[in-house]
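Residues per chain are reported as follows:
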Amino acid sequence: GEEEEDNERLRVRIQFGPEITFDDLISKHEAKYGKLWKYSGKVTPEEELETGRSRGGFHKYWDSSKEERELYSQIAKRIEERMEVLTEEVHEGRWGKQKKKF
């Protein structure tokens with residue numbers, strides 16, 4: 001009845017396509033350069049030295065290494081490529097025809 005119609009009108013469906021994963025990129029990076037630095041607002045001077053991070057100014061402590069920036073670039077590129085495919089699919093009407101319930 002009327003209650004079912006109200007529930008139907010309130011339904012929101014968001015589809016973004018398949019999941020994007022980065023495990024392969026991270027694993028490859030860590031195999032070559034070691035574990036990624038885990039950023040934290042509370043790091044002791046001893047922890048800084050153990051991780052190879054210099055003490056000192058903000059940028060010296062927080063800036064990513066060249067290798068980390070390359071990894072981030074690869075991750076961003078993968079997201080961008082998937083978004084381009086998704087945009088093409090939307091423009092071609094592929095998403096409007098699919099009806100999946102979550």
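Residues numbered from 1 in each chain as written. Predicted model: local features only at pLDDT ≥ 70, side-chain atom pairs only at ≥ 80, totals over all residues. Heavy atoms only, no water.

1. Brief notes about the overall build of the protein
Keep this limit in mind: Each helix corresponds to a stretch of at least 4 residues labelled H or I by DSSP, and each strand to a stretch of at least 2 residues labelled E; elements are numbered beginning at the N terminus. Buried residues are those whose accessible area, probed at 1.4 Å on protein chains only, stays under 20% of the maximum for their type, while exposed residues exceed 50% and partly exposed ones sit between those limits. We call two residues in contact whenever any of their non-hydrogen atoms come within 4.5 Å of each other. For every accessible area listed, the method is Shrake-Rupley and the probe measures 1.4 Å; residues are considered covered only by the protein chains on display.
Secondary structure assignment for the protein yields six helices and zero strands. Going from N to C terminus, the protein has its helices and strands arranged as α-α-α-α-α-α. Taking all 102 residues of the protein together, 15% fall into the buried category. Long-range contacts, defined as pairs at least 24 residues apart, comprise 62% of the intrachain contacts of the protein with a sequence gap of at least 6. Carbon and sulfur atoms make up 52% of the accessible area of the protein, which totals about 9,000 Å².

2. Regarding helix α5 (residues 66–91)
So the rule is basically this: A helix's residues, less one, multiplied by 1.5 Å, set its expected span.
Under the 1.5 Å per step criterion, the end-to-end length of α5 is 37 Å for 26 residues, consistent within 8% with the ideal 38 Å. Among all positions of α5, only Glu 68, Leu 71, Ile 75, Arg 82, Leu 86 and Glu 89 are buried. Two residues or fewer after α5 comes Gly 93, characterised by a positive phi angle close to 80°.

3. Concerning the pattern of salt bridges
Here is the rule we go by: Basic side-chain nitrogens of Lys or Arg form a salt bridge, by our definition, when they fall within 4 Å of a carboxyl oxygen of Asp or Glu.
Here the structure, examined in full by the defined rule, presents three salt bridges. In this structure, Arg 78 and Asp 24 form a salt bridge, with 2.7 Å as the shortest nitrogen-oxygen distance. With Arg 78 in helix α5 and Asp 24 in helix α2 (residues 23–33), this pair connects stretches of sequence that are 54 residues apart. The class for Arg 78 is partly exposed, based on a relative accessible area of 26%. Between Lys 35 and Glu 30 there is a salt bridge whose closest N-O contact spans 3.7 Å.

4. What about α2?
The criterion, for reference: Arc definition: it is the arc formed by the directions from the helix axis to the C-beta atoms.
Those residues of α2 that fall on the buried side of the exposure criterion are Leu 25, His 29 and Glu 30. Taken end-on, α2 shows its buried residues confined to a sector of 125°, consistent with a single buried face. Of the exposed residues in α2, those oriented more than 90 degrees away from the buried face are Asp 23, Lys 28 and Ala 31. On its buried face, α2 is in contact with α5. Downstream of α2 by one or two residues, Gly 34 has phi in the positive range, about 95°.

5. Overview of the side chain of His 29
Here His 29 shows up in helix α2. When residues no more than four places from it in sequence are discounted, the contact partners of His 29 are Gly 34, Leu 36, Glu 67, Glu 68 and Leu 71.

6. Side note on the confidence of the model for the protein
Going by this rule: A residue's pLDDT is the confidence the predictor assigns to it, expressed on a 0 to 100 scale.
Residues with a pLDDT of 70 or more make up 59% of the protein, whose mean pLDDT is 76. Mean pLDDT values for the elements of the protein range from 56 in helix α3 (residues 45–50) up to 96 in α2.

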